[in-house]
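Analysis of the macromolecular model
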Amino acid sequence: MTQRRAAWTAVPLALFTIGALALSGCSGSNAAAPGDDADSILLERPAGSTNDKKVYDDVLAACEETTGVTIETQDVPYDGYLAKVLQQVSSKTMPDVLMLDNGDLPQIASSGALAPLSDFDINVDGYADGVIEASSYDGDLYAVQPVANTIALFVNTDMLAAAGVDVPTTWDELKTAAAALSGDGKYGMAFSATATEEGTFQFLPFFWSNGGDETDIATEAGAEALQLWVDLVDSGSASESVLTWTQADVNDQFVAGNTAMMVNGPWQFPSLDEAGVPYEVVSIPAPQDGDEIISPLGGEVWTIPQTGNEAKMTAAASVVECLGSDESQMALASGRDLVPTNTELVDQFIAENPKMAGFAEQVPGLRARTAQLGADYTAASEGIYTAIQTALTGGADPLTALQQSAPNK
Amino acid sequence: MTLRAERWLQLAFVVPAALYLVFFFGYPIVQNGVMSFQEFTTRTFFTGEAPWVGWYNYVEVISSPGFGRVMLNTAIFTVVSIVAQFVIGLALAVFFRRRFPLSGVVRSLLLLPWLIPLIVSSAIWRWMLDKDSGVINQVLSGLTGSDVSIGWLTDVNIALPAVILVNVWLGIPFNMTILYSGLQDIPEELYEAAALDGATGWRAFWAITWPMLRPVTGVVVLLGVVYTLKALDIILGLTGGGPAGSTETLATEAYRLSFGQFDFGAGAAVGNILIVISLIFAVLYLRANRKAVDE
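Treat the numbers as computed from the prediction; the structure is a model and nothing was measured.

Some remarks on the overall build of chain A
Counting its regular elements, chain A contains 17 helices and 13 strands. Of all 409 residues assigned to chain A, the portion counted as buried reaches 47%.

In structure tokens:
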């Protein structure tokens, strides 16, 4: 091939390559668009466990019958779910029904991407107050939360019986019980104190029950709660490694018998049952006898993004309402070891699922993390877990640690 | 006519790569630079509005109380990691020059740390370094006979060295492989000639190996610095930046600001500081390379 002919074939080849690259870059999002009628909608959720998927698929099938709307599901990996949602928000390719973690709702709602439920006729009677607050932003209700989870105290009944220790119900009893159960490489108490939202989540029951307030974290009440954790670690009742343990790691320690008590949630039931650990779930100990336990509200909410398609949004609203109905709540709660958020269902639920009693009793007292601060909650959460880390590593006393890391906005 | 055709041919080869660089490197960098001067939050994703705030993000990030420590952590982490990785990698490369039975197998095995996904490595190391039930403390207890309970990832003074240790373990295969191939390029005759003059062992190393490795060393150190400066998943996996911020570096800070606080403007500002530091190193490397070529 001569130089000239080489050039004339190379240029078109180059242009073709550039064109192909450019076109492949423009392929856009991969959300499959179902037919343009309002009889089918796209529902997006994080990919959960196999059991979760099965329970939800059954409930969704029931909702398809009740509402007459076909539901197409799209599962997104849990890691980076929020990043994917933000991506969809900015490229205006949101699904018709979107599941979010209740802690993320204010952030997404504040961006204007969600439709307030008052635009549609959705019945939300009977929901616990904390649940309504968690699903609201700036006075408007944006989501329906059918089931909730929270954390409680798990105790190893065998270990407690062997040490002759009763189940603790107050902070002082917790300290003595944990001390009695520690020794020989075992610890009495375990919790997660990582530098993430998990650490804050685990700390909130102690913080709130003592009167702590997330809008002003550097108070005596907050410091006392942090002092409890510092005392547990300093006295050797809890391992220093709580600074690095996630809730999953804490569960591993409990299953291995390295700790007699732990703070964790009902999602650990399957692994505990499989390992055959003799456990009992009780309320988190209160500061003083008779104080109310205020624990944080966890769980997913169902929202209706602003897609601009009126017909689809109305169809989506009927699906969302169905997800929050009594039948759905009971099915989801029983199948996934969670609690229904409708206070009228609590008694029936405890009757059918006695082992969830410890959690179900806390439903009326559940508090939303974002109720007061909305989208600014993340700053307060960071302040709390930073203070926990500083205090537990001996960097400062609890009150000073809280003052140093309090958000200054 | 042939000259013009040749020009077209040259352009045709360069244009696809140049376009790729512009779209996938140039555009994000420019966008990042612009974002650091704006107030970019989750609201921006929906409305597209991001008010201009000038140097506010930079001022806020640099004047925040933890920033000095973050810079110090980044510097210590990078320098110590690079030096340790390089020295150990070079020692291993020189060691493997001589063939012994199974040397090929052992050399391949030493590649494993590099091949395991980072997030898997950091998860396993986190368990191994656990204070109470971790394997490292158990082995040390067995070896010394006493109860060794070092808080590798929980003690504020030991966490950074522990993270550096894991990073060095990860970086040795890369250094060893590239330096080994660099060593292969040095002709045997040089060593033979030197041996005739009486220069063997250390003398041969300093006189022949080290100078001949100069270009390879430059590449390895530059790549190592750039990779280490932006190392994120290793630190997040091991300590998450804790305990109490003792392993927080510029990369983890940028991640936390953008995806924890959703303050993308501030995260972009920290990211830009990181880019500037990398750029300084790249310029130094090019300068040093040019001087070496001129010599």
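Notes on the overall build of chain B
When its secondary structure is counted, chain B shows 15 helices and 0 strands. Overall, chain B is about 80 × 75 × 30 Å in size when its C-alpha atoms are taken along their principal axes. For chain B, buried positions account for 32% of its 295 residues. Contacts spanning at least 24 positions in sequence make up 66% of the contacts within chain B whose residues lie at least 6 apart.

Some points on the sheet that holds strand 2 (residues 70–76) of chain A
Residues and elements named next belong to chain A. Strand order in the open sheet formed by 5 strands is 2-1-3-12-6, with mixed pairing between adjacent strands. Either end of the sheet is taken by a strand with one partner, and the two such strands are strand 2 and strand 6 (143–144). Where strand 6 meets strand 12 (residues 300–303), 2 bridges bridge the pair, whose relative direction is antiparallel. Within strand 12, the position partnered with Val144 by the bridge is Trp302. Contacting strand 1 (40–46), strand 2, strand 3 (97–101), strand 6 and strand 12, helix 12 (residues 310–323) crosses the sheet at an angle of about 55° to strand 1.

Observations concerning helix 1 (residues 2–35) of chain B
With 34 residues, helix 1 of chain B should reach 50 Å at 1.5 Å per residue; the first-to-last C-alpha distance of 47 Å fits that figure. Along its length, helix 1 of chain B reaches its greatest deviation from straightness, about 35°, at B:Val22.

Some points on the pairing of strand 10 (residues 259–264) of chain A
Note on strand geometry: in a regular strand, side chains alternate between the two faces of the sheet. Residue and element names in this part refer to chain A. Burial of strand 10 is extensive: 6 of the 6 residues sit out of reach of the surface. Pairing of strand 8 (residues 152–156) with strand 10 involves 4 bridges; the strand directions are antiparallel. Each residue of the ladder has a partner; that of Leu153, found in strand 10, is Val263. Sheet analysis places strand 9 (residues 187–190) next to strand 10, joined by 3 bridges and oriented parallel. Across the sheet, Tyr187 pairs through a bridge with Thr259, a residue of strand 10.

Examining the interface of chain A and chain B
If you look at the interface, chain A gives 37 residues, while chain B gives 34 residues. Elements that contribute at least two residues to the side of chain A that touches chain B include exactly helix 1 (3–25), helix 3 (81–90), helix 4 (105–110) and helix 16 (377–392) of chain A. The leading source of residues in the side of chain A that touches chain B is helix 1 of chain A, at 10 residues. Of the residues in the side of chain A that touches chain B, the class split is 15 nonpolar, 19 polar and 3 charged.

Details of the environment of A:Thr170
All names here are of chain A. Mapped onto the secondary structure, Thr170 falls in the loop between helix 6 (157–163) and helix 7 (171–181). Look at Thr170 and you get partly exposed, because 15 C-beta atoms sit within 10 Å. Spatially, the C-alpha atoms of Thr170 and Gln288 are 5.6 Å apart, while their sequence positions differ by 118 residues. Residues in contact with Thr170, not counting those within four places in the same chain, are Pro285, Ala286, Gln288 and Asp289.

Thoughts on the nonpolar core
If you look at the biggest cluster of nonpolar residues, it comprises 117 residues, and the most contacted ones within it are A:Val319, A:Val339 and A:Ile388. Both domains that meet at this core, namely domain 1 (40–145 + 300–360) and domain 2 (152–296 + 369–405) of chain A, each give it at least three residues. Leave out the neighbours within four places in its chain, and A:Ile388 touches A:Ala193, A:Gly199, A:Phe203, A:Leu226 and A:Trp229. One finds B:Phe86, B:Val163, B:Ile164 and B:Ala231 within the second-largest nonpolar core, a separate group that totals 43 residues.

Observations regarding the pairing of strand 12 of chain A
Residue and element names in this part refer to chain A. The alternating pattern of strand 12 places Glu300 and Trp302 and Val301 and Thr303 on opposite faces, both of which are buried. Sheet topology places strand 3 next to strand 12; 4 bridges connect them, and they run antiparallel. Residue pairing for strand 12: Met99 is matched across the bridge by Trp302.

Describing the domain arrangement of chain B
Note on interface size: it is often stated as the accessible area lost on association of the parts. When the domains of chain B are assigned, the result is domain 1 (1–27) and domain 2 (67–294). Centre-to-centre separation of domain 1 of chain B and domain 2 of chain B, based on C-alpha positions: 36 Å.

Some remarks on unusual backbone geometry
You will see that A:Asp138, though not glycine, has its phi angle at about 55°, which is positive. Turning to its location among the elements, A:Asp138 is positioned in the loop between strand 4 (136–137) and strand 5 (140–141). Of the residues examined, A:Asp138 has 11 C-beta atoms within 10 Å and is grouped as exposed. A positive phi is found at B:Ala244, a non-glycine position, where the angle reads about 55°.

Focus: the environment of A:Lys312
Residue and element names in this part refer to chain A. Mapped onto the secondary structure, Lys312 falls in helix 12. Classification of Lys312 as buried rests on a count of 23 C-beta atoms within 10 Å. For the pair Lys312 and Tyr377, spaced 65 residues apart in sequence, the C-alpha to C-alpha distance is 32 Å.

The rules behind these values
Residues numbered from 1 in each chain as written. Chains lettered and ligands numbered in written order. Predicted model: local features only at pLDDT ≥ 70, side-chain atom pairs only at ≥ 80, totals over all residues. Helix = DSSP H or I, 4+ residues; strand = E, 2+ residues; numbered from the N terminus. Buried ≥ 20, exposed ≤ 12 C-beta atoms within 10 Å, placed from the backbone. Contact = placed C-beta atoms within 7 Å. Pairing = 2+ DSSP bridges. Axes fitted to C-alpha atoms, helices over the stretch in contact; angles between N-to-C directions. Expected span 1.5 Å × (residues − 1). Bend = angle between axes of the 7 residues up to and from the residue. Nonpolar A, V, L, I, M, F, W, Y, C, P; charged D, E, K, R; others polar. Core = buried A, V, L, I, M, F, W, Y, C linked by C-beta atoms within 7 Å. Domains from an automatic or database assignment.

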